[in-house]
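Coordinate analysis (summary)
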Amino acid sequence: MAVNVIKTDKAPGAVGPYSQGIKAGNILFASGQIALNPETGKLVGGGVTAEATQCMKNVGALLEAAGMTYDNVVKTTVYITNMSYFGAVNAVYGEYFKNNLPARSCVAVAELPKGASVEVEVTAYAE
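So, a few notes on the structure that sits alongside this text. What you see is a predicted model, and the numbers here were worked out from it, not measured in a lab.

It is worth spelling out a nonpolar patch on the surface at this point. A contiguous nonpolar surface patch, about 340 Å² in accessible area, is contributed by Ile 27, Phe 29, Val 74 and Tyr 125. Here Tyr 125 shows up in strand E6 (residues 118–125). Its relative accessible area of 38% is what places Tyr 125 among the partly exposed residues.

Listed below in C-alpha cells is the structure:
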C-alpha cells in the first residue's frame, strides 16, 4: 500500500511536527484544521461562524490536494471550546456536507491551538 504525505499551500501549514494529511492507499487521514488563514497564518476574526467556515475551507483544500471532495469523507471529528457553539458550527458544517453525510463526533474541549474555537478533522475514502 502506498503512503503519501498530502501538502498544499491552500491550507495552513502544520503548527507542529506533523503532516497536513496522510493518504494511505485509498484513505486520507487529514490533520485537524483550525481557522487559520493559509495566506497569513493567522486565526480569522468574526466569531465562531467565521472560524467554522475557514475550518471547512481548509478541510476542502486538503481534500482537493488528495484528489477528493467532501463526498469522499466518511468520518469527521469536530472540536469546539464551548458547547454553546454547536448550533452555529452545525449550520456551517451542513453547508459543506449535503449528499453523503459522514459519521461524526462533536466534542467540547478546554482549549485548542492558537486560541481557536473550532477544529475539524476528517477521514476520507476514494475507490
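Moving on: the packing of aromatic side chains. Within this structure, the stated rule accounts for three aromatic pairs. A ring pair is formed by Tyr 70 and Tyr 96, whose centres lie 5.3 Å apart and whose planes are at 55°; its orientation type is tilted. Of this pair, Tyr 70 sits in the loop between helix H1 (48–65) and strand E4 (73–80) while Tyr 96 sits in helix H2 (residues 86–96), and the two are 26 residues apart along the sequence. Grouped by ring-pair contacts, the aromatic residues Tyr 70, Tyr 93, Tyr 96 and Phe 97 constitute a single cluster. We note Arg 104 situated over the ring of Tyr 93; from NZ or CZ to the ring centre the distance is 4.5 Å.

Across four bridges, strand E1 (residues 3–6) lies against strand E2 (residues 21–24) in antiparallel orientation. Bridge pairing links Val 5 to Ile 22 in E2. The pairing of E2 with strand E3 (residues 27–30) spans four bridges and is classified as antiparallel. From the neighbouring strand, Ile 22 faces E3, where its bridge partner is Phe 29. What sits between E2 and E3 in their antiparallel hairpin is a turn of two residues, with Gly 25 showing a positive phi close to 65°.

Pairing of E4 with E6 involves seven bridges; the strand directions are antiparallel. The partner of Lys 75 across the bridge, within E6, is Thr 123. Where E4 meets strand E5 (residues 103–108), six bridges bridge the pair, whose relative direction is parallel. For Ile 80, the partnering residue across the bridge sits in E5 and is Ala 108. Regarding the hand of the β-α-β motif, the stretch spanning E4, H2 and E5 is right-handed.

Cut-offs used in this document
- Residues numbered from 1 in each chain as written.
- Predicted model: local features only at pLDDT ≥ 70, side-chain atom pairs only at ≥ 80, totals over all residues.
- Heavy atoms only, no water.
- Patch = residues over 30% accessible without salt bridge, like charges linked within 9 Å, V, L, I, M, F, W, Y side chains within 5 Å.
- Areas by Shrake-Rupley, 256 points an atom, 1.4 Å probe, with all protein chains shown as cover.
- Salt bridge = Lys/Arg side-chain N within 4 Å of Asp/Glu carboxyl O.
- Helix = DSSP H or I, 4+ residues; strand = E, 2+ residues; numbered from the N terminus.
- Buried < 20%, exposed > 50% of the residue type's maximum accessible area, 1.4 Å probe, protein only.
- Phe/Tyr/Trp six-rings, centres within 6.5 Å; stacked < 30°, edge-to-face > 60°.
- Lys NZ or Arg CZ within 6 Å of the ring centre and 35° of its normal.
- Pairing = 2+ DSSP bridges.
- Right-handed = clockwise from strand over helix to strand, strands pointing away.

Purely geometric numbers; function is a separate question.
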